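Listed below are the residues making up each chain.
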Amino acid sequence: LPRQQFWVLATALMGLWLLYRWFPLVPTLDVQNIKNGLKPLLQWRDTSPVDVLRNLAGWLVFLRLSRYSLLQRWGSWPLAALCVVVVAAEPLFMGNAISAANLAGLALALALWPWLRSGPRTLRVIAVVLAVSIAVAALRPFAFSWVGGWLWIPFPLIEKLYLYGSLVFFVRYLGASHWLSVLTLGAFFLALELAQLALPGRTPEVTDPLLALGMVWLVRPLFERVRVSTPSERMPLI
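All of the points below concern the structure found in this document. (Residues numbered from 1 in each chain as written. Predicted model: local features only at pLDDT ≥ 70, side-chain atom pairs only at ≥ 80, totals over all residues. Heavy atoms only, no water.)

**Concerning the overall build of the protein chain**
The secondary structure content of the protein chain amounts to 9 helices and 0 strands. In the protein chain, the succession of α and β elements from N to C terminus is α-α-α-α-α-α-α-α-α. Here the protein chain, with 238 residues, has 45% of them falling under the buried criterion. Carbon and sulfur atoms provide 71% of the accessible area of the protein chain, an area that totals close to 12100 Å². (Helix = DSSP H or I, 4+ residues; strand = E, 2+ residues; numbered from the N terminus. Buried < 20%, exposed > 50% of the residue type's maximum accessible area, 1.4 Å probe, protein only. Areas by Shrake-Rupley, 256 points an atom, 1.4 Å probe, with all protein chains shown as cover.)

Structure below.
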């Protein structure tokens, strides 16, 4: 698929990840705030593998999206430096902190990146890692006991827009049609919400499936324009 067709979408998704990492985007040089932002690193013994997996997926997706974004000409080292700067700057924002899980996830992503930076199979691997991380985060702590109930409640919009939007982009980019994406992703997120009915302490939401399907419909015009482009305009890229 032509690289230049997707730079706006890929760059916007990367921007959502930065917004999520630096939220609420209120910079500060307060020494106490910086100290508080570094304290979670001392609690590395309490780091959850689920949180590490989620951060690993988030950073792998960020690195992969760079290939289709405004940063597509950047090499591996500048991208790695950018990721490190993003994490290092987190304590410089009010109420923000560097978690051990985020640091471990980034380290793993940078270690795996040389083997996952290109190729159709590696894109499938990243998409699967992303889907698994979403499923694991939705089903933790895996202690099933039917509790019932279904609500419409607010959700952490920024992170989910990034994760779900990136999954939709990867699925469509790998060749899935619009309606196949609607069926598979809709079923995937609906199954996760149904499973949460049996998880004590979890509240199933219809917002997640609706958000994912909304992203599928949102990117549809972009991929339809690619389909009708002439062969001479196509620049294969995986």
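From this point, the narrative continues.
**As for helix α1 (residues 7-22)**
Compared with the 22 Å implied by 1.5 Å per residue over 16 residues, the 22 Å span of α1 between its first and last C-alpha is a close match. The set of residues buried in α1 consists of Leu 9, Ala 10, Leu 13, Met 14, Leu 16, Trp 17 and Arg 21. Across the axial projection of α1, the buried residues extend over an arc of 145°, all falling on one side. (Expected span 1.5 Å × (residues − 1). Arc of directions from axis to C-beta.)

**Things to note about the pattern of salt bridges**
Within this structure, the stated rule accounts for 3 salt bridges. Across the salt bridge formed by Arg 21 and Glu 90, the nearest N and O atoms sit 2.8 Å from each other. With a gap of 69 residues between them, Arg 21 in helix α1 and Glu 90 in the loop between α4 (76-88) and α5 (100-116) connect regions that are remote in the sequence. Arg 21 sits in the buried class, given a relative accessible area of 9%. Given a relative accessible area of 0%, Glu 90 falls into the buried group. We note a salt bridge from Arg 54 to Glu 159, for which the minimum N-O separation is 2.9 Å. A residue pair is termed long-range when its members are at least 10 positions apart, and Arg 54 in helix α3 (residues 49-65) and Glu 159 in helix α7 (residues 157-173) qualify at 105 residues. (Salt bridge = Lys/Arg side-chain N within 4 Å of Asp/Glu carboxyl O.)

**Here we look at unusual backbone geometry**
In this structure, the amide linkage connecting Phe 23 to the following residue, Pro 24, adopts the cis form with an omega of 15°. Positioned with a positive phi, Leu 25 is a non-glycine residue whose angle comes to about 60°. By the secondary structure assignment, Leu 25 is in the loop between α1 and α2 (31-38).

**Quick look at α5**
With 17 residues, α5 ought to run about 24 Å at 1.5 Å a step, and its terminal C-alpha atoms sit 23 Å apart, in line with that. Of all the bends found along α5, the most pronounced is centred on Leu 110 and spans about 30°, while Pro 114, a proline, follows it within four residues. Each element contacted by the buried residues of α5 is listed here: α1, α3, α4 and α6 (120-139). (Bend = angle between axes of the 7 residues up to and from the residue. Contact = heavy atoms within 4.5 Å.)

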